[in-house]
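# Structural overview
Letter by letter, the chains look like this.
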Protein chains: 2
Amino acid sequence: MLDIKFTPTTNKKPKPDQHNLGFGNYYTDHMLIIDHTEGIGWHDARIVPYQPIQLDPAAMVLHYAMESFEGMKAYRTPEGKVQLFRPDCNAERMWNTNARMCLPQLPVEDFVQAVKALVKVEEDWVPSLPGTSLYIRPFIFADEPHLGVRTSKTHQFMIICSPVGAYYSTGINPVKIFVEDEYTRACPGGTGFTKCGGNYAASLISQVKGHELGYEQSLWLDGVEHKYVEEVGSMNCFFKIDGTIYTAPCVGTVLPGVTRRSCIALLEKWGYTVSEERLPIVDIVKASKEGKLEEVFGTGTAAVISPVGELRYEDDVCKINDGKIGDVTQRLYDTLTGIQWGTKPDDMGWTVPVE
Amino acid sequence: MLDIKFTPTTNKKPKPDQHNLGFGNYYTDHMLIIDHTEGIGWHDARIVPYQPIQLDPAAMVLHYAMESFEGMKAYRTPEGKVQLFRPDCNAERMWNTNARMCLPQLPVEDFVQAVKALVKVEEDWVPSLPGTSLYIRPFIFADEPHLGVRTSKTHQFMIICSPVGAYYSTGINPVKIFVEDEYTRACPGGTGFTKCGGNYAASLISQVKGHELGYEQSLWLDGVEHKYVEEVGSMNCFFKIDGTIYTAPCVGTVLPGVTRRSCIALLEKWGYTVSEERLPIVDIVKASKEGKLEEVFGTGTAAVISPVGELRYEDDVCKINDGKIGDVTQRLYDTLTGIQWGTKPDDMGWTVPVE
């Protein structure tokens, strides 16, 4: 149990217009910090006014990317209450990320306590318009000033919050994605299953390339053979082919998404067959040509469910479900967002109230 | 040509004892900063007192590792002059790194001008004891506060300097390395050829594992087959087998080291055959068993040349040259350090005086 000191701000910011939040443009009045020092452990948990971080120019995070993060949301229910969605899953994932990255690990219960404590303080910042939420960003970085490559003796775990609109300003309209066959996101023995910063820096070039080609996102293939589908941009990806639903297995190169596992649980509850076998991209193109590629969608905390309307692999362009949202995609979206925003009963026991 | 403003410190630090510098423990009185803003380009080049950086907690570098760096040194010659070693090579490499990482690229001549300008200001900080030098760390990071994953609109390029002793406090004694067969550093289509921070964060786990096994460094294998040797820790690696010298080719997964290319140039000048064909680790073990593995050494800016005395791959432990420094290793070390510190003539035209 953390002892979290609270220093309230004396200078509250005005709340932004809920109709024009965008994603990651506004930050709340406070942030949470917990220090970690080698030989001491976690100490000085505190909620303080949102303010700049002072880093020595030699701080290891600025040179060797010793950092990881999580992403989650707080939702406003119709009754005006605030709730979280499976925060323990994020806490567990950061625990696993930090084991791989040699970063200190915060116990799951402390992580969840910290998130709840900050969201409680920032309760007024959780917006209420449909599709809006309070995005929560826990992150950790190495702040020891040292230029030799080794683990750091000091770290800061922090949480900041940002009121957000829907991730895609175009709403739940199908996106166009292209299959990246040149650059690689992850390979076995690497960091693909973690939310380390380096994974995202390495992926930017494909995003830029995709935009130049007129596509919103990239679909990553495995790093060894460039044959099997893995993830879309920063989402997991699902394919409905001839009635069966496929998604890449989480075997070290794919992020184990919280929305991903929630979708799998719902789909299995609804009687669908979900295959986590590796799926070759050529099989997807073949299914499309045979009229069997029924639905494609991405899943992630930021966008929840993102239908894919067009998939390009080399010279093949697959149109999916005439560019319309498929039935399974829509049902998952309605069910998950219903549970998250409290407009549908939470049969799965996934939501956690804040106080 | 940059217009570099200079604000001298009013509070000079005492110089540390040259006998106990270590690596990356002390920083000089000033640092150089150049800002980059989308739509404007590079601006406000300045040398200012060494001081903390203020970053918004949402600064992209802290979340998505949008950062890269270089490493180089300034050397004190017997005549008391200060010189650099192939600074244009570092400038070119950062240019290439930043293209892959979607970071703004500083022209080679501006990079070299900036390095020279800061080293000139910090000339008194270049130590003179044998083996000591002024380590120079150019780096860049994305400082825009934004949580959506995309390229940043603002960046800071900086240079800091640190007077250092020899990288290994044990001197040029042979190190023990183990062959990493579980974790991966790089794969084709990834960032292995760049000096992005993420490569180093991902490698820490192998360093920790190696230390637990009693080894100083890890030798990385290729990420696809875990079959071919690539790099040692943060150095390139050379193997002398039956008279021929092998080093991994720079084909996207291996850092193109400045010391590496300098060694290849010297070796070829001396009449050795240098092969940049991919070399399977099992061939190295086989050569060791047949008594043909004559020398192994790592190359890098920090350590210059680091002889390897023992190599462990799975259950095989190869002792190299009875744990002594080999003739070629010693000759490269003597020649390179002689050129760098100005005790031998620079036949290759590699050194650049500072003013």
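Counting starts from 1 at the beginning of each chain's written sequence and moves along it residue by residue. The order in which chains are written sets their letters, starting at A; the order in which ligands are written sets their numbers, starting at 1. Local features in a predicted model are, by the rule used here, given only for residues with pLDDT of at least 70; side-chain atom pairs are given and counted only at 80 or more, and totals for whole chains, interfaces and linings are based on all residues. Just so you know, side-chain values use all the structure's heavy atoms and leave hydrogens and water out.

### Observations concerning the overall build of chain A
The secondary structure content of chain A amounts to 7 helices and 19 strands. Within these notes, the globule rule equals 2.2 Å times the number of residues to the 0.38 power, and the radius of gyration is based on C-alpha atoms. Relative to the globule expectation of 20 Å for 355 residues, the C-alpha radius of gyration of chain A, 21 Å, shows essentially globular dimensions. Taken over the C-alpha atoms alone, chain A extends approximately 60 × 50 × 35 Å along its principal axes. Accessibility here uses a 1.4 Å probe with only protein chains present; expressed as a share of the type maximum, an area under 20% marks a residue as buried, one over 50% as exposed, and anything in between as partly exposed. Relative to its 355 residues, chain A shows a buried fraction of 60%. We call two residues in contact whenever any of their non-hydrogen atoms come within 4.5 Å of each other. In chain A, once contacts between residues fewer than 6 apart in sequence are set aside, the share between residues at least 24 apart is 71%. Each accessible area is a Shrake-Rupley estimate made with a 1.4 Å probe; only the visible protein chains count as cover when residues are assessed. For chain A, the accessible surface area stands at approximately 13,400 Å², while carbon and sulfur atoms represent 48% of it. The sign given to each residue is positive for Lys and Arg and negative for Asp and Glu; His and the chain ends receive no count. Every charge is mapped to an atom, namely NZ of Lys, CZ of Arg, CG of Asp or CD of Glu. The average position of the 34 basic charges and that of the 46 acidic charges among the side chains of chain A differ by 2 Å. Helix and strand assignments come from DSSP, with helices taken as H or I runs of at least 4 residues and strands as E runs of at least 2, each series counted from the N terminus.

### Section: the side chain of T97(B)
Residue and element names in this part refer to chain B. Along the polypeptide, T97 turns up in helix α2 (residues 87–101). Judged by its relative accessible area of 1%, T97 is buried. Separated by 3.2 Å, the side chain of T97 and the backbone nitrogen of K195 make a polar contact. When sequence neighbours within four positions are dropped, the list of residues in contact with T97 reads S68, T194, K195 and C196. By the criterion applied in these results, polar contacts are pairs of N or O atoms within 3.5 Å in which, for protein atoms, one can donate a hydrogen and the other can accept it, and in which residues neighboring in sequence qualify only through two side-chain atoms.

### So, the interface of chain B and chain A
On the side of chain A, 60 residues touch chain B, which itself brings 60 residues to the contact. Each of two parts loses accessible area, computed with a 1.4 Å probe, when they are put together; buried area is these two losses added. When chain B packs against chain A, the two sides together hide about 4,900 Å² of surface, and 64% of this comes from carbon and sulfur. Among the residues chain B hides against chain A, the three largest losses belong to P57(B), L62(B) and L147(B). Together they make up 13% of the total. One side-chain nitrogen of Lys or Arg within 4 Å of one carboxyl oxygen of Asp or Glu is enough to make a salt bridge. Taken together, the links from chain B to chain A amount to 0 salt bridges. In this assembly, chain B and chain A are joined by 24 residue pairs in polar contact (both at pLDDT 80 or more). Looking at the side of chain B that touches chain A element by element, the count peaks at 9 residues for helix α4 (residues 197–213) of chain B. For the side of chain B that touches chain A, the residue count by class is 37 nonpolar, 17 polar and 6 charged. For this scheme, ten residues count as nonpolar: Ala, Val, Leu, Ile, Met, Phe, Trp, Tyr, Cys and Pro. Four count as charged, namely Asp, Glu, Lys and Arg, and the remainder, Gly too, count as polar.

### Structural notes on the pattern of salt bridges
Tallying each qualifying case throughout the model produces 34 salt bridges over all chains. Three or more residues joined by partner-sharing salt bridges are found here, namely E180(A), E182(A) and K209(A).

### Brief notes about helix α5 (residues 258–269) of chain A
With 12 residues, α5(A) ought to run about 16 Å at 1.5 Å a step, and its terminal C-alpha atoms sit 17 Å apart, in line with that. One or two positions beyond α5(A), positive phi appears at G271(A), with a value near 95 degrees. Multiplying 1.5 Å by the residue count of a helix minus one yields the expected span of that helix.

### Structural notes on the domain arrangement of chain A
Residues and elements named next belong to chain A. Residue ranges labeled as domains rest on an automatic or database domain assignment. Partitioning chain A into domains gives domain 1 (5–164) and domain 2 (175–340). The gap between the C-alpha centroids of domain 1 and domain 2 is 27 Å. Domain 1 puts 20 residues into the contact, and the matching count from domain 2 is 20 residues. Where domain 1 abuts domain 2, roughly 1,800 Å² becomes buried across the two surfaces, and 60% of that area is made up of carbon and sulfur atoms. The interface formed by domain 1 and domain 2 contains 0 salt bridges. When residues of the side of domain 1 that touches domain 2 are traced back to their parent elements, those giving at least two are β5 (67–69), β6 (72–76), β7 (82–85) and α2 (87–101). When residues in the side of domain 1 that touches domain 2 are grouped by element, the largest group, 8 residues, is from α2. Class assignment of the residues belonging to the side of domain 1 that touches domain 2 gives a composition of 7 nonpolar, 6 polar and 7 charged.

### Concerning the relation of the copies chain B and chain A
We superpose the copies by least squares over the C-alpha atoms of residues that have a pLDDT of at least 70 in both of them. The transform that puts chain B on chain A rotates by 180 degrees and translates by 0.0 Å along the axis, for an RMSD of 0.0 Å. Here the copies are linked by what is in effect a two-fold axis. For chain B, the residue whose C-alpha comes nearest the rotation axis is G198(B), separated from it by 2.0 Å.

### A closer look at the packing of α2(B) against helix α3 (residues 108–121) of chain B
Residue and element names in this part refer to chain B. α3 packs onto α2 with a crossing angle of 125 degrees between their chain directions and a minimal axis gap of 9 Å. With respect to each other, α2 and α3 are oriented oblique. As for the relative orientation of α2 and α3, their crossing is right-handed in sense. Between α2, through P87, D88, N90, A91, E92 and M94, and α3, the contact on the second element is made entirely by V108, F111 and V112. Only the stretch in contact is used when a helix axis is fitted, and all axes are lines through C-alpha atoms; the angle between N-to-C directions ranges over 0 to 180 degrees. Angle categories: roughly parallel below 35 degrees, roughly antiparallel above 145, roughly perpendicular from 65 to 115, and oblique for all the rest. Crossing handedness follows the turn of the near helix against the far one: under a right angle anticlockwise gives a left-handed crossing, and clockwise gives a right-handed one.

### Regarding the packing of aromatic side chains
The pairing test for Phe, Tyr and Trp rings, Trp by its six-membered ring, is centres within 6.5 Å, and the orientation test on the planes gives stacked under 30 degrees, edge-to-face over 60, and tilted for anything in between. In total, this model carries 24 aromatic pairs over all chains according to the counting rule given. On the basis of an interplanar angle of 45 degrees and a centroid distance of 5.7 Å, the ring pair of Y64(A) and Y200(B) is categorised as tilted. Placement of the pair is Y64(A) in helix α1 (residues 61–64) and Y200(B) in helix α4, with the two residues belonging to separate chains. Y200(B) gets classed as buried once you look at its relative accessible area, which sits at 7%. Three or more aromatic residues joined by ring pairs form one cluster here, namely W42(A), F111(A) and F157(A). Should the NZ of a Lys or the CZ of an Arg lie within 6 Å of a ring centre and within 35 degrees of the ring normal, that charge is described as sitting over the ring. Its guanidinium or amino end placed over the ring of Y215(A), K176(A) lies 5.1 Å from that ring's centre, counting from NZ or CZ. One Lys or Arg, R331(A), reaches over the ring of W270(A) and ends 3.8 Å from the middle of that ring.

### Side note on the packing of α5(A) against helix α7 (residues 327–340) of chain A
Any two packed helices are characterised by the angle at which their axes cross and by the distance between the axes. Residue and element names in this part refer to chain A. Orientation of α5 relative to α7, taken along the N-to-C sense of each, is 110 degrees, at an axis distance of 11 Å. It follows from the interaxial angle that α5 and α7 lie roughly perpendicular. The two elements α5 and α7 cross, and the hand of that crossing is right-handed. Contacts between α5 and α7 involve T259, S262, C263, L266 and L267 from the former and V328, L332, T335 and L336 from the latter.

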